[in-house]
Amino acid sequence: MSGSKSRFTAISEISNAAPFATKMTDSLKKIWATDVFSLAQMEESLSKSAFKAMKKTVQTGAELPNDVADDVAAAMKDWAMAKGAKFFSHIFYPMTNATAEKHDGFIITNPEGAAITEFSGSLLIKGEPDGSSFPNGSLRMTNAARGYTAWDPTSPAYIMHTPNGAVLMIPSVFMSWTGEALDKKIPLLRSNAAMNAAAQKVLTLMGEEEIATLNSSCGAEQEYFLIDEKFANARPDILLAGRTLFGASPAKGQQFDDHYFGAIPERVQVFMQDFEDKLYRLGIPAKTHHNEVAPGQFEIAPYFESANIASDHQQLLMTLMKTTAKQHGFFCLLHEKPFAGVNGSGKHVNWSVGNSTQGNLLDPGSTPNDNLNFLLFCGAVIRGVHKFGPLLRAVIASASNDHRLGANEAPPAILSVYLGDQLEKVFDDIKTGALHVPKSGGLMDLGLSQILKFERDPGDRNRTSPFAFTGNRFEFRAVGSSQSVSGPLVAMNTMLADSLEWIAEKLEAQLESGKDKATAAFAVIKELMELHSNVIFGGDGYSSEWHKMAVEERGLRNTPTTADALPALKEKDVVDLFESTGVLTPTELASRFEVYAEQYVLSIEVEAKLVIEMATTMIYPAAVKYLSSMASTGFTLEYSPASKVAAAATAMMASVEKLSAALESEHFDSTEAHMSFLAADVRALMDDIRTSADLLETLVADELWPLPKYREMLFIK
């Protein structure tokens, strides 16, 4: 079937599509975490001593005695097999933003040849997948392929149901035979431990006596697009690159803002309900869903969880989102910019720090000027973003996120901190030594008796800030929708640990000089603000004035592309940060630069090859066929678009020749030079080809165009 026929067949079939038939679901109370080997399930299944040990490990990170593992393994196996599982898998998270799993059966055979089940503590604790094909950034030679997975008891095991059966999934870390971290979980666990150790020092100096283990928490707002799967199957670029490499803007896009928070299309609502029921069974607390700004774009946001579990759940959420969408006839796009000219998709990472005794240490309360612990911890974040802004930019760098940053409603690639009017005034007053009690946000009174009055927040939100304080947490808005939240969490936890160590050292010196806690704390914060307040900005992050001011007056970096951003991972202060906190060795950090740089290079090269193929084999033939049909009519129209089509097709193929030649370049002095060449030269040529191709889409007869158009894909029927 030709491209144009395939397109029109898809349109016809989609026009008559009905919502996917799903069964009425049980109540939330009945289905919540039913497929999770949770603490509640453990309490039912384990001996009292084994459960006590597991609970202590889960809640405090304490070491789990080896003999408990056999008890847990036996109980976990019985629970999983009762739910229909015949296989188990150590699921892990390599440096690819994806998940990995190897399934093993519970089955063994006895000497008589009968099948019996086995799942021992040793099998629970350790697995051994072949590590040869996972990106490792030169952490080992090609012939050194052994890799280990190891059970993470602080993240609960769960059952994954598929049409082919049920599998017991065991969240795990992944390492090389020599012990280097090959995954995203080990650094996250280390970063949380480093943050906890530093936070304990500060809180102890501030006179706190009972201090529970501190943990960072995360709530990630996931944006995504849905299109009909039949359209996706007719678009090689969507299938292989995750975005449209071609596509003219439709007459109507998002300019009316009528999609944002609008009524959710029926088919999408059915998908969301089915998807969220699956999340609830896995203990993932999906709380909010709605239409996003762009047509065909949506958002789901779970409730806050501890960072490690939130990271695991985010990976699982993305997997379930794609598989459930497919069941409903949709294709889920997690690319940061799948459609040009409309909003891209982010994953706003809401991050805070706290424990069961001191609570949320990023909650200012009603009088933030009196909340010394809050001021110290918030100040630590300010220092961290200022000192390690390039690191924060590097951990959200990817070929796909480059398209989004600085575009429609996405923050710029300059890391700054937004505090809000009230909080910014508090820190400014501390810096100048003139602290006053800040004003509240005031009462919201609309003058309508039927509308209850309520207290306004003390400050508005700033959607142009990449790192914004939003009441009791910071929101890292620059993270990309397809990315693992682990990398950003590692960076934030580690920079916070470093800043808290700095604060503890300064605070201890102030206290030893005889100052009381309040005076000492204000002195430390004053010094911190004198050094790092340049990173605080409450204005329009999109404005050219801010871009100029940030770089020229405040010394902040503007790193618009991944080629600019990733080299920060090799800078001495970043290497020292991770080594001093014990989060990543210099070798492990260097491996991450190599892996992420390779992924960037490969992503752009795949896209460039697709551009050449699609332009040559799909778009150019459509233009030629149109010109032939025009010539065969024998008519010469005064305003015929034939000359424009011929010119655009010629220009497109000339750019294709240039791009083909550019891809043959193989001589680069460094990885950095290779990335820069792709970011500047190759992407510019791809844009040239797209400009001509998109013009052709507006000129060639609709019935000849081979690719589903934006107007067809974006507006779900």
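Structure: above.
Residues numbered from 1 in each chain as written. Predicted model: local features only at pLDDT ≥ 70, side-chain atom pairs only at ≥ 80, totals over all residues. Heavy atoms only, no water.

Section: the packing of helix H21 (residues 642-663) against helix H22 (residues 671-699)
Two elements in contact, H21 and H22, have axes separated by 9 Å at closest approach and are oriented at 160°. Between H21 and H22, the angle is such that the two are roughly antiparallel. The chirality of how H21 crosses H22 is left-handed. Where H21 approaches H22, its residues Lys644, Val645, Ala648, Ala649, Ala651, Met652, Ser655, Val656, Lys658, Leu659, Ala662 and Leu663 are matched on the opposing element by Phe677, Val682, Leu685, Met686, Asp688, Ile689, Ser692, Ala693, Leu695, Leu696 and Leu699. For the contact of H21 with H22, the residue count by class is 18 nonpolar, 2 polar and 3 charged. (Axes fitted to C-alpha atoms, helices over the stretch in contact; angles between N-to-C directions. Helix = DSSP H or I, 4+ residues; strand = E, 2+ residues; numbered from the N terminus. Parallel < 35°, antiparallel > 145°, perpendicular 65-115°, else oblique. Left-handed = near helix turned anticlockwise from the far one by under 90°. Contact = heavy atoms within 4.5 Å. Nonpolar A, V, L, I, M, F, W, Y, C, P; charged D, E, K, R; others polar.)

Examining the pairing of strand S7 (residues 158-162)
Here 5 bridges tie S7 to strand S8 (residues 165-176), and the two strands are oriented antiparallel to one another. Looking across to S8, one finds that isoleucine 159 is bridged to leucine 168. (Pairing = 2+ DSSP bridges.)

What about the pattern of salt bridges?
Scanning the entire structure with this criterion turns up 26 salt bridges. Aspartate 312 is the salt-bridge partner of lysine 185, the closest N and O atoms lying 2.8 Å from each other. Of this pair, lysine 185 sits in helix H7 (residues 185-205) while aspartate 312 sits in helix H11 (residues 307-327); the two residues are 127 residues apart in sequence, bridging distant segments of the chain. An identical accessibility class is assigned to lysine 185 and aspartate 312; each is buried. Counted as one network, the salt bridges with shared partners bring together Asp702, Lys709, Arg711 and Glu712. (Salt bridge = Lys/Arg side-chain N within 4 Å of Asp/Glu carboxyl O. Buried < 20%, exposed > 50% of the residue type's maximum accessible area, 1.4 Å probe, protein only.)

Let's talk about the pairing of strand S14 (residues 347-355)
Most of S14 is tucked away: 9 of the 9 residues are buried. Side chains Lys347, Val349, Trp351, Val353 and Asn355 of S14 all project onto a buried face; the interleaved residues His348, Asn350, Ser352 and Gly354 project onto the opposite face, where all are buried too. In this structure, strand S9 (residues 215-228) lies alongside S14, joined through 8 bridges in antiparallel fashion. Considered in S14, the bridge of glycine 219 is made with asparagine 350. Here S14 pairs with strand S20 (residues 474-476) via 3 bridges, running antiparallel. Paired with valine 349 across the strands is phenylalanine 476, a residue of S20.

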